Amino acid sequence: MSLARDIVDRIFFPDRDVHAIPVLDGGFSPNELLDRARQIGEGFEAPDDMVLDDRGTLFVSSGTTVFACTGNGFDSRTPFVGFGTNPGALAWSVHTGLLVGVSGRGVCAVDASGKVTGWLLTVDGVPLRCPTAIAVTGDGAVFITDGSRHNTPEQWLADLMQKRTPSGRLIACDAALANAKVIADGLDWPSGVAVAHRERSVLVSEAWPHRLSAYDVSGGSRRVLVKNFAGYPARIIRGANDDYWIAFFALRTQLTEFVLREHAFRTRMMANVPPHLWVGPSLGGTFDCREPTQIGRIKKLGIQKPWAPPRSYGLVARLDADGNAIESFHSRTSGKLHGVTSVLVDRGRVLVASKGHGKIAEIATDPTAGRLT
């Protein structure tokens with residue numbers, strides 16, 4: 001059926017974009033640089049996002065808690081604020097304090113004592129159940145990506161497999177989380193947002209179409225910067241040299257692309273197989289012999305092939321203003337820093353959060369040249 005559908009599509013829609021998986025080359029050429037990053041302190045339980053405040057405290061969302069990390073190497077860690085469900089997206093505003101995206105609820109503001117001072121729960125009458133990323137402009141305006149109206153952030157794999165009509169949103173509001181409005185609707189799991197360097201536009205990454213776009217801050221035009229990444233893009237931030245850093249939580253594979261075209265198989269798989277064994281991307285951190293493609297990546301003596309088709313992968317890239325990759329950092333199939341969901345730049349340091357392997361790690365940079373050493 002999928003072959004017949006492909007033939008019909010090519011006859012009646014000859015100009016439709018074909019999203020073949022691009023080869024990892026140029027700025028995305030594979031390496032093992034991400035595995036050489038220095039781990040910071042003890043591990044976290046599935047760290048999702050991180051942000052620094054103006055005093056140098058590192059906040060990390062992990063489990064149902066946001067932790068405040070201080071001291072050399074951020075080795076002093078204390079629970080800062082807890083929720084009954086998982087916090088994910090984080091941002092810091094000098095006007096409001098810490099902003100936290102909470103799964104199934106919305107976005108809240110938290111003061112210096114850890115007290116929740118305000119919520120944004122609905123926009124245009126639609127609940128904000130899937131906040132995936134938050135960005136703040138210099139004057140305090142807040143931009144939020146809402147991944148889906150049907151699923152929460154933890155249900156990202158189900159959202160990919162369900163292939164519903166895209167329902168994600170880009171939302172703007174003021175520093176008090178009031179006067180919210182929808183800037184863009186019908187996005188396909190928007191997973192990252194960053195205010196551009198001159199604050200005339202915001203960059204939005206969409207995971208399922210593997211796309212990066214720039215939207216006018218007033219809600220006007222949209223410009224597609226990258227229409228076909230080799231991986232599923234996650235959060236994106238501004239760099240220090242008119243550049244941007246973006247995390248990819250997994251790589252695409254031919255097997256997953258095939259399954260996404262096979263509706264009947266996918267429906268039966270979701271109905272009868274536990275989600276962690278579905279044929280699809282994973283954040284990593286587990287190894288089950290029943291997982292698809294796992295046995296195929298093993299060679300003698302249990303050693304994993306770094307070049308094997310990855311079910312989980314670690315990838316962070318630095319992009320120029322047009323979305324072109326300048327350089328990238330990989331943790332390949334055999335690596336131990338997979339499922340990167342967040343990247344942070346601070347005074348020459350680049351920190352990454354590996355949700356798949358429960359680590360925060362630092363990549364050394366040259367702050368003078370802005371080039372990695």
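Residues numbered from 1 in each chain as written. Predicted model: local features only at pLDDT ≥ 70, side-chain atom pairs only at ≥ 80, totals over all residues. Heavy atoms only, no water.

Caption draft 1: A look at the nonpolar core. Judged by nonpolar contacts, the single largest core of 32 residues is most densely connected at Leu34, Met161, Trp208, Phe249 and Val352. Mapped onto this core, the elements with two or more residues apiece are helix H2 (156-162), strand S20 (231-238), strand S21 (244-251), helix H3 (254-261), strand S24 (340-346), strand S25 (349-354) and strand S26 (359-363). The dominant element in this core, judged by the number of residues it contributes, is H2, at five residues. Beyond its immediate sequence surroundings of up to four residues, Trp208 is in contact with Trp156, Asp159, Leu160, Asp188, Trp189, Tyr232 and Phe249. Among the nonpolar cores identified, the runner-up in size contains 18 residues, and Leu225, Val226, Ile236 and Leu251 belong to it. (Core = buried A, V, L, I, M, F, W, Y, C linked by side-chain atoms within 4.5 Å. Buried < 20%, exposed > 50% of the residue type's maximum accessible area, 1.4 Å probe, protein only. Helix = DSSP H or I, 4+ residues; strand = E, 2+ residues; numbered from the N terminus. Contact = heavy atoms within 4.5 Å.)

Caption draft 2: Structural context of the pattern of salt bridges. For the coordinates displayed, the defined rule picks out 15 salt bridges. Residues Arg211 and Glu206 are paired through a salt bridge, measuring 3.0 Å at the closest nitrogen-oxygen approach. Given a relative accessible area of 1%, Glu206 falls into the buried group. Arg252 is the salt-bridge partner of Glu257, the closest N and O atoms lying 3.4 Å from each other. Note on accessibility: Glu257 and Arg252 belong to one class, buried. Here the residues in one salt-bridge network are Asp48, Asp49, Arg235 and Lys355, joined through shared partners. (Salt bridge = Lys/Arg side-chain N within 4 Å of Asp/Glu carboxyl O.)

Caption draft 3: Expanded view of the sheet that holds S20. Overall, antiparallel pairing links the four strands, which are arranged S20-S21-S22-S23 in an open sheet. Strand pairing shows two members of the sheet lacking a second neighbour, S20 and strand S23 (325-331), which therefore form its edges. Across the sheet, the mean angle from the axis of one strand to that of its neighbour is 20 degrees, orientation sign disregarded. Where S21 and strand S22 (residues 314-319) come together, five bridges link them in antiparallel fashion. (Pairing = 2+ DSSP bridges. Axes fitted to C-alpha atoms, helices over the stretch in contact; angles between N-to-C directions.)

Caption draft 4: Expanded view of the sheet that holds strand S9 (residues 116-120). The strand order across the open sheet built from four strands is S6-S7-S8-S9, with neighbouring strands paired in antiparallel fashion. With partners counted over all chains shown, the strands left at the sheet margins are strand S6 (87-93) and S9, one partner each. Adjacent strand axes in the sheet meet at a mean angle of 25 degrees when their direction is disregarded. Two elements, strand S7 (residues 97-102) and strand S8 (residues 106-110), share five bridges in a ladder whose sense is antiparallel. Across the sheet, Val102 pairs through a bridge with Gly106, a residue of S8.

Caption draft 5: Just unusual backbone geometry, in detail. Phi is positive for Leu177, which is not a glycine, with a value near 60 degrees. Along the polypeptide, Leu177 turns up in the loop between strand S14 (168-173) and strand S15 (181-187). A positive phi angle, close to 60 degrees, is found at Asp242, a residue other than glycine. Tracing the sequence through the fold places Asp242 in the loop between S20 and S21.

Caption draft 6: Expanded view of the pairing of S14. Counting buried residues along S14, six of its six residues qualify, which places the element largely inside the surrounding structure. Here S14 shows two buried faces, one formed by Gly168, Leu170 and Ala172 and the other by Arg169, Ile171 and Cys173. In this structure, strand S13 (residues 142-146) lies alongside S14, joined through five bridges in antiparallel fashion. Looking at the pairing, Phe143 lines up with Ala172 of S14. Two strands pair when backbone bridges link them, and S14 and S15 are joined in this way by four bridges, in the antiparallel orientation. Along S15, the bridge assignment pairs Ile171 with Val182.

Caption draft 7: Examining the environment of Tyr244 more closely. One can find Tyr244 in strand S21. Once the C-alpha coordinates of Tyr244 and Ala321 are considered, the two residues, 77 residues apart in sequence, prove to be 7.3 Å apart. Of note is the side chain of Tyr244, whose polar atom sits 3.1 Å from the backbone nitrogen of His197. (Polar contact = N/O pair within 3.5 Å; in protein donor to acceptor, adjacent residues only side chain to side chain.)

Caption draft 8: Summary view of the environment of Met269. Mapping Met269 onto the fold places it in helix H4 (residues 263-272). Along the primary structure Met269 and Val259 are separated by 10 residues, whereas in three dimensions their C-alpha atoms are 9.8 Å apart. With residues near it in sequence (within four places) discarded, Met269 still touches Met161, Val259, Trp278 and Val279.

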